[in-house]
Amino acid sequence: TSSAPMLAATPAYGALPSSPEERKSRKSSTLVMVLCAAACGVVIGLSAAHFQSDGLSLSVRAPTAQMGVTRQMNVAGFASRQQKEAIEKFKESGLRPGVKPKSPEPETRTGRSVVADSVNIDVKDFDGNVVGTDSMALKVARPETAKGLVHRYLRYARNAIRAGTASTLTRGEVRGGGKKPYRQKKTGNARQGSKRTPLRPGGGVIFGPKPRDFSVDMNQKERRIAMATALQSASEDVIVIEDLAGKFESPKTKDMANFLSRLGTKPSEEKVLLVVEGQKRNALLSARNIDRLRINKPTSLKIIDVLGADKIVIEKGAFDTMKSIFGPQQQQGSAEPEVAAAEAAA
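Being a predicted model, the structure only gives us computed values, none of them experimental.

Definitions and limits used
Residues numbered from 1 in each chain as written. Predicted model: local features only at pLDDT ≥ 70, side-chain atom pairs only at ≥ 80, totals over all residues. Heavy atoms only, no water. Phe/Tyr/Trp six-rings, centres within 6.5 Å; stacked < 30°, edge-to-face > 60°. Helix = DSSP H or I, 4+ residues; strand = E, 2+ residues; numbered from the N terminus. Buried < 20%, exposed > 50% of the residue type's maximum accessible area, 1.4 Å probe, protein only. Lys NZ or Arg CZ within 6 Å of the ring centre and 35° of its normal. Expected span 1.5 Å × (residues − 1). Pairing = 2+ DSSP bridges. Axes fitted to C-alpha atoms, helices over the stretch in contact; angles between N-to-C directions. Contact = heavy atoms within 4.5 Å. Core = buried A, V, L, I, M, F, W, Y, C linked by side-chain atoms within 4.5 Å.

Bringing the packing of aromatic side chains into the picture now. Counted according to the given criterion, the structure contains four aromatic pairs. When the ring of Phe126 is compared with that of Phe259, the centres are 4.8 Å apart and the planes differ by 15 degrees; the resulting orientation is stacked. Highlighted residues: Phe126 in the loop between β4 (119-124) and β5 (130-136) and Phe259 in helix α6 (residues 253-262), separated in sequence by 133 residues. With relative accessibility at 19%, the residue Phe126 sits in the buried group. With a relative accessible area of 0%, Phe259 lands in the buried category. Ring-pair connections join several aromatic residues into one group, and the members of that group are Phe126, Phe248 and Phe259. Cation over ring: Arg162 sits above Phe214, and NZ or CZ is 3.6 Å from the ring centre.

This is the structure:
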C-alpha cells in the first residue's frame, strides 16, 4: 500500500522536465554528446585516410580555393595476379583487354570503285568471222560490295516500272450503307450497323491497297558503277561486231535471225541483247518480231536486260561509247543510263 504514492510521484519515462533548470541541463548534455560524436567521426576518417596496408596506400589532398575539398586516391599495387598481368601487357602493347592488334599491312583501299582487269573480246564481221580483238576494262565496284550494289540498282529499276495505281474502297468510301439493315435485338442475327461492312458482299475492303510510289533513291555514281559491274561480269558473253550500217537492206526478221545465228547465238532459245549506235531503222524493224531479242543504245541500257541476257551483241561504235561512259576515264557530261517508267515500259 505504501508503494502507490511513490509511483504516482515518479515522473513517467520520456516526460518533459517540469523546471527550466532541468530543461537547460538536458539541452547542454545533448549538445556535448553531438560534439563528441562528430569529433570521433573526424578522427576515424583521418585514421582511415592514412591507413597503409600491403600494396595499398590512401592519402588525402589538401583543399584548394578553386575546386573546394578534393580527395585524390593513389592506388599502388594490384588486386590480383590477373590484374597485374593485364596492366603490364597494356604498358607493353598499348592495347586494352579484348582488343586485337591491327594488321601491319598498310591500308590499300583508296575509294569505293576499282578498275577491272582488262578482258580481250573478239570482234566479228557481219558473216561471223573474227576480224580482230578489243579490250574491256571498266570502272567497277569492289568485290565485297559489288553484289549488293547491283542488287540495289536492280531494285531501283524494277520499282521504277511499277505504276502503283492499285486502289480499293474502304467501308467509308463505298456508296450506300447509311441505314441500319435491321433492328439491334430480337432477330437472331449478328448485330449490323451498315450494309457496307467488310464482312458482307459489296462492302469495303479491310487494309486494301492504295495508290503509292514504289520508287527508291540511288546516286548517279552508284548507278553508273553498278551498270559497269554488270557489263564487266558478263564479258564472257559479250560479242563485238562491226558497224551494221547498210547491212540490212530491208526489214526482214529472217535476215536478223540468220545474222544472230552466224554470231554463235540462238535467238529462239537464248535471250540476246543487241546494242547499236545511232538509228538503225532496218535493224530495229527486223528485230522487233524476235521474242527473246532486245535492242537498245549504249546511252539507255537497262540493268534488267543486261542481267537477263544470255548473249550481249554490241556494235563497235556502241562499244567505244560504252567504254567512254563506264570506263576509268569518264567524260564530263557523258550520257547516263536512266531507268524511267516510260522508258522501261517501251
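Turning our attention to unusual backbone geometry. Here the phi dihedral of Lys186 falls at roughly 65 degrees; this positive angle occurs in a residue that is not glycine. In this structure, Lys186 sits in the loop between α4 (143-161) and α5 (220-233). If you check the backbone angles, Phe207 has positive phi at about 55 degrees while not being a glycine. Positionally, Phe207 belongs in the loop between α4 and α5. Accessibility expressed as a relative area gives 84% for Phe207, which makes it exposed.

This part covers α5. Between its first and last C-alpha, α5 extends 20 Å over 14 residues, near the 20 Å set by a 1.5 Å rise per residue. Of all 14 residues that make up α5, eleven are buried, and the element is covered over most of its length. Turning to α5, its buried residues number three or more, namely Glu222, Arg223, Arg224, Ile225, Ala226, Met227, Ala228, Thr229, Ala230, Leu231 and Gln232.

As a further point, take the sheet that holds strand β7 (residues 238-241). Pairing between the strands of a sheet comes from backbone hydrogen bonds, and it takes one of two forms, parallel or antiparallel. Overall, mixed pairing links the six strands, which are arranged β5-β4-β7-β10-β8-β9 in an open sheet. Lying at the two open borders of the sheet, with one neighbouring strand each, are β5 and β9 (293-296). Strand-to-strand, the axes of this sheet are offset by a mean angle of 25 degrees, without reference to chain direction. Sheet topology note: the strand β8 (residues 272-275)/β9 ladder contains four bridges and is parallel. Bridging across to β9, Val272 finds its partner in Leu293. Sheet strands touched by helix α9 (residues 316-326): β4, β5, β7, β8 and β10 (311-315). Its angle to β5, the strand with the most contacts, is close to 10 degrees.

Counting residues in each nonpolar core, the largest one holds 35 residues, and the members touching the most others are Met227, Leu231, Ile312, Ile314 and Phe326. It is α5 that contributes the most residues to this core, six residues altogether.

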